[in-house]
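# Descriptive analysis of the structure
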Amino acid sequence: EKDGYASFMLKEIAEQPRAVADTLLGRVAEDGTLRLDEARVRPEVLREARKVVVVACGTAFHAGLIAKYAIEHWARVPCEVELASEFRYRDPILDHRTLVVAISQSGETMDTLMALRHAREQGAHVLAICNTNGSTIPRESDAVLYTHAGPEVAVASTKAFLTQLVACYLVALYLGQARGSTDGAEIRAAVRELARVPDALERTLATMEPVRDLARDLADKRTVLFLGRHVGYPVALEGALKLKELAYMHAEGFAAGELKHGPIALVEPGLPVVVVVPSPSGHRLLHDKIVSNIQEIRARGARTVVVAEEGDESVVPYADHLVRVPAVPPLLQPLVATVPLQVFACALATGRGNDVDQPRNLAKSVTVE
Ligand code: F6R
């Protein structure tokens, strides 16, 4: 079943271009408008929602963090992102004009299920983003948008995460379309760019050899830090989570803007720091700020692993290791920038002799509290 791959995880990483293409399939009409009627979100909810609250756990929560940027940008609705395990024990302010988006690969995660029950009791409308047909979370939601990643067997989520991102972008655009906050031309342009992502992913996957070499090199390190800004910040969190769960290493993701507020004290000679650099064609100032962050940590001896867009030459002098990802629109960068971090964690874990499909202490779906 592994189709010649050494692990399900490697197979699932390789399947990502297809998973993304399948999740887009049939969701865009000929005229470039979004067709998510299958999800059955009531039109008045789309038009009149005053707030979106995303609830999820783990990797799905990271997809939710990225959704916030897309929802604010395209839908112009306030958006909160909550760990399901925290949300369900709080007293959140929700009503029938709140759209709750519950993201779950398995559809069985207990905390996410409890969070959506909590939300529905208060009259909120719940849309599930889920990869498993007929599972509990979509059954108990008002609406569902399925991701089409296919079965994910490895415990660590890879292709499901990328398809959750695609679903989140589609929901943000769909809200923008229904509310008139994004015009047709911008929606068509975004959809065209999404359709190019599978190709960009193929190109990314074809250039991962240096990442595997680097991982072998770093197999005896104790800690790896990850930095990002804007949508690169949740990517940094996801890179760190992959490394913890697979390589059993201490790893932490930070918003690069927080460095000076504490984390920079951790930097010492030889410490590997992975930095996700935003596209220079997006928010230029943001890009330049992260380049100066890279200079700062390197001056303190960090070994910098820089993930940057093809053609971004400004990072070259400060990168001990440079990982290139294809240029995509700034909001979509997580779709390509996550891939090297998955490959890195998988290779590092393998180098340490770990079973990447069945990491210790973890289960594929967490149906207990
Ligand atoms: C990490 C991972 C977990 C899951 C989390 C939520 O690689 O797989 O963090 O993302 O347990 O699971 P689902 O999406 O099934 O609700």
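About the criteria used
Residues numbered from 1 in each chain as written. Predicted model: local features only at pLDDT ≥ 70, side-chain atom pairs only at ≥ 80, totals over all residues. Heavy atoms only, no water. 1 Å grid on protein atoms, 1.4 Å probe; cavity = no way out; pocket = protein on both sides within 12 Å on 5 of 7 lines; lining within 4 Å. Points joined across faces, edges and corners; volume = space filled by probe spheres on them. Helix = DSSP H or I, 4+ residues; strand = E, 2+ residues; numbered from the N terminus. Nonpolar A, V, L, I, M, F, W, Y, C, P; charged D, E, K, R; others polar. Phe/Tyr/Trp six-rings, centres within 6.5 Å; stacked < 30°, edge-to-face > 60°. Buried < 20%, exposed > 50% of the residue type's maximum accessible area, 1.4 Å probe, protein only. Lys NZ or Arg CZ within 6 Å of the ring centre and 35° of its normal. Axes fitted to C-alpha atoms, helices over the stretch in contact; angles between N-to-C directions. Parallel < 35°, antiparallel > 145°, perpendicular 65-115°, else oblique. Contact = heavy atoms within 4.5 Å. Near = heavy atom within 4 Å. Polar contact = N/O pair within 3.5 Å; in protein donor to acceptor, adjacent residues only side chain to side chain. Areas by Shrake-Rupley, 256 points an atom, 1.4 Å probe, with all protein chains shown as cover. Sits in = over half its atoms within 2 Å of the grid points.

## Here's the deal with the layout of surface pockets
Approximately 540 Å³ is the volume found for the largest pocket. Residue lining of the largest pocket: 25 residues in total, with C57, G58, T59, K364 and V366 positioned closest to the centre. Elements that contribute at least two residues to the lining of the largest pocket include exactly α4 (58–75), β3 (98–104), α6 (110–121) and α11 (232–247). Here the lining of the largest pocket is built from residues that sort into ten nonpolar, ten polar and five charged.

## Notes on the packing of aromatic side chains
Under the definition given, this model contains one aromatic pair. When the ring of W74 is compared with that of Y169, the centres are 6.4 Å apart and the planes differ by 80°; the resulting orientation is edge-to-face. In this pair, W74 is assigned in helix α4 and Y169 in helix α8 (residues 159–179), connecting sequence segments 95 residues apart. By relative accessible area, W74 is classed as buried at 7%. The lysine or arginine in question, R360, covers the ring of Y248, its NZ or CZ lying 3.9 Å from the ring centre.

## Describing the packing of α4 against α11
With their axes 9 Å apart at the nearest point, α4 and α11 run at an angle of 170° to one another. Put simply, α4 runs roughly antiparallel to α11. Taking contact as the criterion, the partners of G58, T59, H62, L65, I66 and Y69 in α4 are, on α11, P234, V235, L237, E238, L241 and K242. Partitioning the contact of α4 with α11 into residue classes produces seven nonpolar, three polar and two charged.

## Digging into the site of the ligand
In the vicinity of the ligand lie 13 residues, with S104, Q105, S106, T109 and E245 positioned nearest. E245 is positioned such that a nitrogen or oxygen atom in its side chain is 2.5 Å from an oxygen atom of the ligand. In the complex, 89% of the free accessible area of the ligand, which totals 410 Å², lies under the protein chains. More than half of the atoms of the ligand fall within 2 Å of the grid points belonging to the largest pocket. Those elements that place two or more of their residues in the shell around the ligand are α4 and α11. With three residues, the top contributor of residues to the shell around the ligand is α4. Partitioned by chemical class, the residues of the shell around the ligand number four nonpolar, seven polar and two charged.

Purely spatial values, then, with no claim about function.
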